[in-house]
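Residue-level structural notes
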Amino acid sequence: MDNLLPYSKTFWVSLVAGFTTGMGNGSVFGAAMMCALGRGRFDDWGGWGIQAYDPTTFMGFMQWCMLVFGAAFMAIMMVAAKRHGALEAQSRAAT
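From a predicted model like this one, the values you see are computed outputs, not experimental measurements.

Reading the values: the criteria
Residues numbered from 1 in each chain as written. Predicted model: local features only at pLDDT ≥ 70, side-chain atom pairs only at ≥ 80, totals over all residues. Heavy atoms only, no water. Bend = angle between axes of the 7 residues up to and from the residue. Helix = DSSP H or I, 4+ residues; strand = E, 2+ residues; numbered from the N terminus. Buried < 20%, exposed > 50% of the residue type's maximum accessible area, 1.4 Å probe, protein only. Contact = heavy atoms within 4.5 Å. Phe/Tyr/Trp six-rings, centres within 6.5 Å; stacked < 30°, edge-to-face > 60°. Salt bridge = Lys/Arg side-chain N within 4 Å of Asp/Glu carboxyl O. Expected span 1.5 Å × (residues − 1). Polar contact = N/O pair within 3.5 Å; in protein donor to acceptor, adjacent residues only side chain to side chain.

**Section: helix α1 (residues 7-37)**
Bending of α1 peaks at approximately 35° at the position of V13. Looking only at α1, the buried set comprises T10, S14, G18, G22, G26, G30 and M33. Those residues of α1 hidden inside the fold are in contact with α2 (58-94). Downstream of α1 by one or two residues, G38 has phi in the positive range, about 70°.

Right, dumping it as structure tokens:
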């Protein structure tokens, strides 16, 4: 029984689908946090240049939330695709 969807076949699809979905959810998380807390303890907005990726600024924190959510959703997508391939191979072997 050979897995029909190994990681090598699903990497790019998982990358695009996972990061698109995850970063969208991360931006919603950041927007909800902004609505609930305002800038809170962030002294600087950090919206220009490299400051947009500095996690000590508000915009940088939101960017890192989006990247972390994207990586997490990519991992979930890869695991789901691999398990789907295993189930499909198992059902083909049973018939």
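**Focus: the side chain of T10**
Here T10 lies in helix α1. In contact with T10, not counting residues within four places along its chain, are L5 and A81.

**Details of the packing of aromatic side chains**
How two aromatic rings sit relative to each other is set out by the distance from centre to centre and by the angle between their planes. By the definition in use, this model includes three aromatic pairs. Taking the centre distance of 5.1 Å and the plane angle of 80° together, the rings of F11 and W12 count as edge-to-face. Judged by relative accessible area, which is 61%, W12 ranks as exposed. Measuring from centroid to centroid gives 6.4 Å for W45 and W48, while their planes differ by 80°, and the two rings are edge-to-face.

**Looking at the environment of V13**
Relative to the helices and strands, V13 resides in helix α1. Counting along the chain gives 68 residues from V13 to A81, while the straight-line C-alpha distance between them is 9.6 Å.

**Description of the pattern of salt bridges**
All told, the structure shown has one salt bridge when counted by the stated rule. E88 is the partner of R92 in a salt bridge, and the nearest nitrogen-oxygen pair spans 3.8 Å. You can see R92 and its partner E88 sitting in helix α2, four residues apart, about one turn around the helix.

**Thoughts on α2**
In this model α2 runs 54 Å from its N-terminal to its C-terminal C-alpha over 37 residues, within 8% of the 54 Å that 1.5 Å per residue would give. For α2, every residue scored as buried is listed here: F58, G60, M62, Q63, C65, M66, G70, M74, M78, A81, G85 and A89. If you follow the buried residues of α2, they end up packed against α1. Capping of α2 at its N-terminal end is provided by T57; its side-chain oxygen lies 3.1 Å from the backbone amide nitrogen of G60.

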